[in-house]
Amino acid sequence: DPYGIIFDMEAGITDDGIVVGTGPYKVTKLVSGETIELVRNEKYWNGTPGFDQVKVLTISDGDTLTMALQSGEIDGAYGIPYASYPIFQKGGYTFTSTPTSRTFFAHMNFKSPIVQDPAVRKAIAMGVDKERFVRDLLNGNGYVAKGAFPSTFAFGGDSVKAKPYNPDLARATLDAAGWVDSDGDGIRDKNGQPLRIRWLTYPSRQEQPLLAESAQANLKAIGIDVVINNTADHNSIRVRPELWDIYVSAMVTAPTGDPAYFFTTHALDRSAVNNGHYHSDKLEALARELNDTFDVKKRGELAVQMQQTVLDDDAFIFFSHLKMSMITKDTVVGLTAHPTDFYEITAKLAPAPAKQ
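Residues numbered from 1 in each chain as written. Predicted model: local features only at pLDDT ≥ 70, side-chain atom pairs only at ≥ 80, totals over all residues. Heavy atoms only, no water.

**So, the environment of Trp 179**
- Note that Trp 179 resides in the loop between α5 (167-176) and β7 (189-190).
- You can call Trp 179 buried: its relative accessible area is 4%.
- Setting aside its immediate chain neighbours within four residues, Trp 179 contacts Ile 114, Asp 117, Val 120, Leu 174, Arg 188, Asp 189, Lys 190, Gln 193, Pro 194 and Leu 195. (Helix = DSSP H or I, 4+ residues; strand = E, 2+ residues; numbered from the N terminus. Buried < 20%, exposed > 50% of the residue type's maximum accessible area, 1.4 Å probe, protein only. Contact = heavy atoms within 4.5 Å.)

In structure tokens, the structure reads:
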């Protein structure tokens with residue numbers, strides 16, 4: 001992934017964040033979170049860009065995005081709701097898809113009194129039907145996750161053992177821990193406290209609200225009340241652990257193909273986004289060993305042990321991996337889904353040749 005770029009130091013960076021780089025298009029206008037306007041880079045080093053101008057819009061509402069592509073307001077889109085796919089499968093549009101390591105996962109809040117109970121974490125891990133979520137709500141546009149990394153990685157997929165969907169065992173686990181429905185309202189309680197989970201997520205990725213609603217239904221069936229807070233303001237809330245119990249987000253867990261990134265950013269004492277304040281002596285020791293290990297195979301073996309550690313602690317629940325899909329009008333060629341999210345607008349993006 002291009003976390004480093006070549007850019008013109010003399011040109012500097014404008015107040016609104018525009019840099020002079022080496023890509024096929026030059027930025028003429030940038031409004032963060034809204035739009036980027038581009039013009040062809042006549043001096044591009046790797047071919048002639050296909051368009052004079054390109055405009056990128058952020059349209060976070062799925063229905064609005066669907067209508068924009070239908071009406072011709074835009075020529076291509078990423079993030080079309082899965083339910084809208086049949087509209088564009090009737091002809092006149094091109095689909096392109098690729099598997100990615102972007103993972104949808106839950107951070108357990110270890111400062112939450114309820115989530116501190118290992119029985120509650122274990123029940124939640126066994127209580128969400130990942131298969132149904134991917135099959136029915138994503139219409140197959142994803143991959144069921146076991147750990148942090150997909151099966152396309154040597155240290156992903158079947159290399160680890162995640163708790164399978166087992167609502168009966170989840171119920172038994174909660175019963176044994178004293179979480180029972182004492183008043184018959186369908187929600188378990190213990191010492192007068194209802195088993196209520198505050199689920200924090202955000203709407204900018206269409207999978208997140210769908211996952212929240214699916215988990216809410218699954219967990220209600222085993223006696224857990226899930227209150228969803230689906231908000232664009234999630235970043236200001238996740239840093240306040242008193243406001244949530246589970247935070248569900250998405251990230252590319254191995255952007256360079258190496259396993260260290262997920263753990264160093266999310267699961268260690270020093271991690272910048274260890275949102276749930278998770279700590280494991282075992283994981284810390286494995287991380288130190290990983291830091292001193294350079295053999296690729298050995299790093300993969302350590303990554304398996306590290307994933308298994310967080311899975312055994314139910315510190316994170318990994319739900320699915322993203323199947324990235326883009327849809328374009330047949331009047332456009334060269335917009336191809338790429339696992340890194342960075343290589344869509346290339347010199348190959350161009351108007352389609354005129355039909356004879």
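**Examining helix α4 (residues 130-137)**
- Among the residues of α4, Lys 130, Phe 133 and Val 134 are the ones counted as buried. Along α4, the residues classed as buried sweep out an arc of 90° about the axis, all on the same side.
- Contacts from the buried residues of α4 go to β6 (142-144), α6 (207-220) and β12 (316-329).
- Taking the backbone nitrogen of Glu 131 as reference, a side-chain oxygen 3.3 Å away marks Asp 129 as the first, capping residue of α4.
- Positioned one or two residues after α4, Asn 139 has a phi angle of 50°, which is positive. (Arc of directions from axis to C-beta. Polar contact = N/O pair within 3.5 Å; in protein donor to acceptor, adjacent residues only side chain to side chain.)

**A word on the side chain of His 107**
- Its location among the elements puts His 107 in strand β5 (residues 93-108).
- Within the structure, His 107 has its side chain in polar contact with the side chain of Ser 249 (distance 2.8 Å).
- Setting aside chain neighbours within four positions, we find His 107 in contact with Trp 244, Asp 245, Ile 246, Tyr 247, Ser 249, His 266, Val 273, Asn 275, Ala 315 and Phe 316.

**Let's talk about the packing of aromatic side chains**
- One pass over the full model with this rule turns up 19 aromatic pairs.
- For the pair Phe 105 and Phe 318, a centre-to-centre distance of 5.8 Å together with 25° between the ring planes defines the contact as stacked. Taken as a pair, Phe 105 in strand β5 and Phe 318 in strand β12 lie far apart in primary sequence, 213 residues in all.
- Residue Phe 105 is classed as buried on the basis of its relative accessible area, which comes to 0%.
- By relative accessible area, Phe 318 is classed as buried at 1%.
- Measuring from centroid to centroid gives 6.2 Å for Phe 149 and Phe 153, while their planes differ by 40°, and the two rings are tilted. The same class applies to Phe 149 and to Phe 153, which are both buried.
- The rings of Phe 105, Phe 110, Phe 149, Phe 153, Phe 155, Phe 262, Phe 263, Tyr 278, Phe 316 and Phe 318 are connected pair by pair, giving a single aromatic cluster. (Phe/Tyr/Trp six-rings, centres within 6.5 Å; stacked < 30°, edge-to-face > 60°.)

**Structural notes on the packing of helix α9 (residues 281-291) against helix α10 (residues 296-312)**
- With their axes 10 Å apart at the nearest point, α9 and α10 run at an angle of 165° to one another. If you check the angle between α9 and α10, you find them roughly antiparallel. By crossing handedness, the relation of α9 to α10 is classed as left-handed. Residues Lys 282, Leu 283, Leu 286, Ala 287, Glu 289 and Leu 290 of α9 touch α10, and the partners they reach there are Lys 298, Arg 299, Leu 302, Gln 305, Met 306, Thr 309 and Val 310.
- Its residues assigned to classes, the contact of α9 with α10 comprises seven nonpolar, two polar and four charged. (Axes fitted to C-alpha atoms, helices over the stretch in contact; angles between N-to-C directions. Parallel < 35°, antiparallel > 145°, perpendicular 65-115°, else oblique. Left-handed = near helix turned anticlockwise from the far one by under 90°. Nonpolar A, V, L, I, M, F, W, Y, C, P; charged D, E, K, R; others polar.)

**Some remarks on the packing of helix α3 (residues 118-127) against α5**
- Following both chains from N to C, one finds α3 and α5 inclined at 170°, their axes separated by 8 Å at the closest point. One way to sum up the angle between α3 and α5 is to call them roughly antiparallel. For the pair α3 and α5, the contacting residues are Ala 119, Val 120, Lys 122, Ala 123 and Met 126 in the first and Pro 167, Leu 169, Ala 170, Thr 173 and Leu 174 in the second.
- For the contact of α3 with α5, the residue count by class is eight nonpolar, one polar and one charged.

**Overview of a nonpolar patch on the surface**
- A cluster of nonpolar side chains, namely Val 27, Ile 36, Val 56 and Ile 345, defines an oily patch on the protein surface of about 230 Å² accessible area.
- Along the chain, Val 27 falls in strand β1 (residues 25-31). (Patch = residues over 30% accessible without salt bridge, like charges linked within 9 Å, V, L, I, M, F, W, Y side chains within 5 Å. Areas by Shrake-Rupley, 256 points an atom, 1.4 Å probe, with all protein chains shown as cover. Salt bridge = Lys/Arg side-chain N within 4 Å of Asp/Glu carboxyl O.)

**Quick word on α10**
- The end-to-end C-alpha separation of α10 is 24 Å, in line with the 24 Å expected for 17 residues at 1.5 Å each.
- Where α10 is concerned, the buried positions are Arg 299, Gly 300, Leu 302, Ala 303, Met 306, Gln 307, Gln 308, Thr 309, Val 310 and Leu 311.
- Against α8 (260-266), α9 and β12 lie the buried residues of α10.
- The N-capping residue of α10, defined by a side-chain oxygen 3.3 Å from the backbone nitrogen of Lys 297, is Asp 295.
- Just downstream of α10 lies Asp 314, where phi reads positive at about 50°. (Expected span 1.5 Å × (residues − 1).)

Structural measurements only, silent on function.
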